[in-house]
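# Structural overview
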Amino acid sequence: MGRCRAAKSRISAKTIVLGVALATAVIGTSHAADQILLRAREGAAAMLRGQYDRAVALYDEALGTPDVSKFVQASIYSDRGVAKWRMKKTREAIDDFNESIQLAPDNAIVYNNRGNALMDLGHPAEAIKDFDRAIALEPAYGAAFNNRGNAYASLQNYDAAFQSFRKATALLSSTAAPYNGRGRAHVERERYHAAVRDISRAIKLDPKFAAAYRNRAAANFALGHYAEAADDATQALDLEPETDKSALLMLRARSNSAQNRFREGVADFDKVLDIEPKNVAAFMERGELLAKNKRHDAAIKDFNKVLELQPKNPTAYARRGETKLYDRKADQGYIDVNIALIVKPDDPLALRVRGDIYQAQKRTENAIADYQKAVTLDPFQDEARAALERLRAPVPVDSRKPLGPPVAGWVINEKTPGRYVATNPDYRGVAIAMEMFGAGKPKILAWDKLKGAQSRIGLLRYYAGTAEGEGAFEYVAVIDTKKRSVLSIEPERWGDKAATWTWQTAALSVADPDGNISEVALQPQRTRRAPSARGRRKDGRGFRGFAQQQPQRKAPRKKRSRRRGGGQNSNPLGWLFR
């Protein structure tokens, strides 16, 4: 509820205006009627000025006037309920909404407002029933869709929340709150590229939307966009300094630590520990940052504090052992890492650290055995894998069964239950988290490497699930093959609705089937040729005939410049451009 205050404010204003309008339409010309109308108008004016207690007194006076019709009473009860809601008298507000509904059961706004009040009392399931009723009475009621999305999200039903927010964005396309809600649902479903797209739209609409910066900070951090995550956290803290302060400082500390911004990272961890003196994660991660920067004694103090708070924390033992190794105290580190393995046998981190200690002790065979075991237990244990490669030792074969046969070297594995990652030995370091938008498991459909100005760009198209009433989803991971990074994951098709992709030399613009546009920055190349596909797929899908897009070239004097193909709006990729 707190994340859509602006939307709620608009809802309340609409309620007040409607109440006065109803009174104006119904009241006759008697003195009593004039008094009711005057008090209703004064109450509405007080509401707009934030004088809620005065508004309640005026509405009380109006309701106490004899011979008030049921229709007018319903309107005044509704508005008085909003005033009480603003005064945090939520139960009294619900009583007024109940009275209004009894007198006039077909007013969508009252159901919506009662739903908001029920949310404040912690009854989201009951609130959903009210939002459903409001929508049934007024199918284009965007605020009710948005509020229902918040209710579903509070019940952790993020798929239903997303669909409600999606409908709200269609009805309230110039309002930030639904885009932020939709982005938040994406974050909870680990669709971080989609989250950044939607939340960025919210911020563009409302640059002072603190909740949106908080949500985008989390999404950017998950994507490894650490500088952007730190900036978003700073924006959120500047706008609302006391909201989620510790969590935002922790996220910014982690972002700075990931960039090895030592002073900034330590300063933020310090601030977190000032607020939460027993925050184990802050001690652990500050210790790791200190160790990375050779502050060994300070790092060991932090790991000691973790073990004081959690005596059986294997990671703290392993990290303390690793720090002692860095401090040329390998024998002491060996003791710590063995304790870690007693606490948690077969811990990949502890095995990797012990392998490093064995190497320092020139016990190479023991080191290789630990590295191999670490990689077997955790195929994503990159440091152990790299150590084996340096030692020219056999690297264990990944025993996981991939989902389907390789496509141009790309395979999908289930990293954790329900979470899938695509990798390719030709592009080490690239791990594509497959964002799913419907039921089912992902499947690679095509891999295409571009030519010309985007020769470093690769496109991995995959099946992203099926949703009832919409059909199959297809998405595309846009990969910078030289930087070995995923630039974005963009929609290609939702059922029979296609996205529209527009390429420029240094950017890509994608309009999803709902008409929302996102921009993807590409690394510009020296050549100015437009992207082209490398051949056709054997099954006939994919790159059909196209005209190349090429910017205007400088021509010699007295000669006309030449261009190939159809110009700036031509479609170089058949299956992406429709």
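Here goes a summary of the coordinates provided. (Residues numbered from 1 in each chain as written. Predicted model: local features only at pLDDT ≥ 70, side-chain atom pairs only at ≥ 80, totals over all residues. Heavy atoms only, no water.)

The helix and strand inventory of the chain stands at 22 helices and eleven strands. By sequence separation, contacts in the chain at least 24 residues apart represent 48% of the contacts at least 6 residues apart. (Helix = DSSP H or I, 4+ residues; strand = E, 2+ residues; numbered from the N terminus. Contact = heavy atoms within 4.5 Å.)

Another aspect to go through is the environment of Arg 91. With respect to the secondary-structure elements, Arg 91 resides in helix H5 (residues 90-103). Taking the C-alpha atoms as reference, Arg 91 lies 7.9 Å from Ala 117; in sequence the two are 26 residues apart.

A word on the pairing of strand S11 (residues 517-521). Residues Ser 518 and Val 520 point to one face of S11 and are all buried, whereas Ile 517, Glu 519 and Ala 521, pointing to the other face, are not buried. Summarising the sheet, strand S10 (residues 507-511) and S11 pair through five bridges and their orientation is antiparallel. Pairing of Ala 511 across the sheet is with Ile 517, part of S11. (Buried < 20%, exposed > 50% of the residue type's maximum accessible area, 1.4 Å probe, protein only. Pairing = 2+ DSSP bridges.)

To continue, consider helix H4 (residues 70-86). With 17 residues, H4 extends 24 Å between its outermost C-alpha atoms, agreeing within 8% with the 24 Å of an ideal straight helix rising 1.5 Å per residue. H4 sits mainly inside the fold: 13 of its 17 residues count as buried. Immediately beyond the C-terminal end of H4, within one or two residues, lies Lys 88, with a positive phi of roughly 70°. (Expected span 1.5 Å × (residues − 1).)

The strands that make up a sheet are held in pairs by hydrogen bonds between backbone atoms, and each pair lies either parallel or antiparallel. Judged by pairing direction, the sheet is antiparallel, and its three strands sit side by side in the order S1-S2-S3 without closing on themselves. Every other strand in the sheet has two partners, leaving strand S1 (411-416) and strand S3 (432-433) as the edge strands with one partner each. In this sheet, strand S2 (residues 419-423) lies alongside S1 in antiparallel orientation, the contact comprising five bridges. Looking across to S2, one finds that Thr 416 is bridged to Arg 419.

Attention now goes to the pattern of salt bridges. Inspection of the entire model under this criterion finds 40 salt bridges. The salt bridge involving Arg 197 is made with Glu 490; its shortest N-O contact spans 3.5 Å. Of this pair, Arg 197 sits in helix H11 (residues 192-205) while Glu 490 sits in strand S7 (residues 485-494), and the two are 293 residues apart along the sequence. Look at Arg 197 and you get buried, because its relative accessible area is 13%. By relative accessible area, Glu 490 is classed as buried at 1%. A salt bridge links Glu 389 to Arg 428; the shortest N-O distance between them is 2.8 Å. You can see Glu 389 sitting in helix H22 (residues 382-390) and its partner Arg 428 sitting in the loop between S2 and S3, a full 39 residues away along the chain. Of the residues examined, Glu 389 reaches a relative accessible area of 37% and is grouped as partly exposed. Through salt bridges with shared partners, a single network forms among Glu 288, Arg 319, Glu 322, Arg 352, Asp 356 and Glu 383. (Salt bridge = Lys/Arg side-chain N within 4 Å of Asp/Glu carboxyl O.)

With that settled, consider empty space enclosed by the protein. Counted by the stated rule, this structure contains two cavities of 30 Å³ or more. In this model, the largest cavity occupies a volume close to 50 Å³. Forming the boundary of the largest cavity are Val 375, Thr 376, Pro 379, Arg 385, Pro 396, Val 397, Asp 398 and Ser 399. For the lining of the largest cavity, the class distribution of residues is four nonpolar, two polar and two charged. (1 Å grid on protein atoms, 1.4 Å probe; cavity = no way out; pocket = protein on both sides within 12 Å on 5 of 7 lines; lining within 4 Å. Points joined across faces, edges and corners; volume = space filled by probe spheres on them. Nonpolar A, V, L, I, M, F, W, Y, C, P; charged D, E, K, R; others polar.)

Take it as geometry only, folks, not as evidence of what the structure does.
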